[in-house]
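Residues per chain, in single letters:
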Amino acid sequence: MRLDRIDTSNIGNAQEKFDEKVKGLTLQVLQQAQAAKPTRQIRMLFQEHDDLYKQAHAGTITPQEFKKVEKLIFDEMGATKVHTFSEFFMLLIALGISEDAARGMATHENDHVQKALQIGLDAEYALVHSRSSDGKLILHPFMMWEVPVGHDQALIRKVEELVISAPENLSKDDINKLRELKEK
Ligand SMILES: [Zn+2]
């Protein structure tokens, strides 16, 4: 695209569009939070997703089938998905998370996402809420990515290791997943 002149009149427009989008996403996330399922159930759904991922990985289901069932699981969880770091960060801020904490969370997921994208796998940021047994709302930020498929199992394992180990500070979940990979 060739730009002959810089038209600054669109700056406000772009900001407005971004704000509108974040507002829409925030509303969606707040509605999902109100309908949050018990934490135990959300954990079971995450486990179901992990098992599904393993099936796709092993080739017992196709990547298309994986996508279809994955969507059902995330819908059941009430997940809100976004494509960019800025949207994800703004969404966390809109949920009342402090700027420092939001930056930490978004940066962590961003490290995973960027690594996946670098390798050529599609990736997104996602948020789910659950309600603990004492009634507290719990936020689960995570990223979702395309299952790497192929015949070279060693290469796939390497790809997974790269994506999971991308952030500087790994989560408990990341550490568990890396351990599982080593045991394969
Ligand atoms: Zn992580």
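Residues numbered from 1 in each chain as written. Predicted model: local features only at pLDDT ≥ 70, side-chain atom pairs only at ≥ 80, totals over all residues.

Points about the overall build of the chain
- Looking only at helices and strands, the chain has 7 helices and 4 strands in total.
- Mapped from its N terminus to its C terminus, the chain presents α and β elements in the order α-β-α-α-β-α-α-β-β-α-α.
- Each principal axis of the C-alpha distribution contributes one length, and for the chain these read about 55 × 50 × 30 Å.
- Looking at the 184 residues of the chain, the share that counts as buried comes to 18%.
- Of the contacts formed within the chain by residues at least 6 apart in sequence, a portion of 62% connects residues at least 24 apart. (Helix = DSSP H or I, 4+ residues; strand = E, 2+ residues; numbered from the N terminus. Buried ≥ 20, exposed ≤ 12 C-beta atoms within 10 Å, placed from the backbone. Contact = placed C-beta atoms within 7 Å.)

A short note on the packing of helix α1 (residues 11–34) against helix α4 (residues 85–94)
- Running from N to C, α1 and α4 cross one another at 55°; their axes reach a closest spacing of 10 Å. Comparing the axis directions of α1 and α4 gives the class oblique. Crossing hand, α1 versus α4: right-handed. Only E87, M90, L91 and A94 of α4 make contact with α1, whose side of the interface consists of K21, V22, L25, T26 and V29. (Axes fitted to C-alpha atoms, helices over the stretch in contact; angles between N-to-C directions. Parallel < 35°, antiparallel > 145°, perpendicular 65-115°, else oblique. Left-handed = near helix turned anticlockwise from the far one by under 90°.)

Quick notes on the environment of Q47
- Checked against the element boundaries, Q47 lands in helix α2 (residues 39–58).
- The class for Q47 is exposed, based on 10 C-beta atoms found within 10 Å.
- Linking Q47 and V29, residues 18 residues apart in sequence, is a C-alpha distance of 22 Å.

A look at helix α3 (residues 63–77)
- Relative to the 21 Å expected for 15 residues at 1.5 Å per residue, α3 spans 21 Å between its end C-alpha atoms, a close match to the ideal helical length.
- Directly beyond the C-terminal end of α3, a positive phi value near 80° is found at G78. (Expected span 1.5 Å × (residues − 1).)

With respect to the confidence of the model for the chain
- In the predicted model, the chain carries a mean pLDDT of 91, and the fraction of residues at 70 or more is 99%.
- Within the chain, α1 has the poorest average pLDDT of any element, 89, and strand β1 (residues 37–38) the best, 97. (pLDDT = per-residue confidence, 0-100.)

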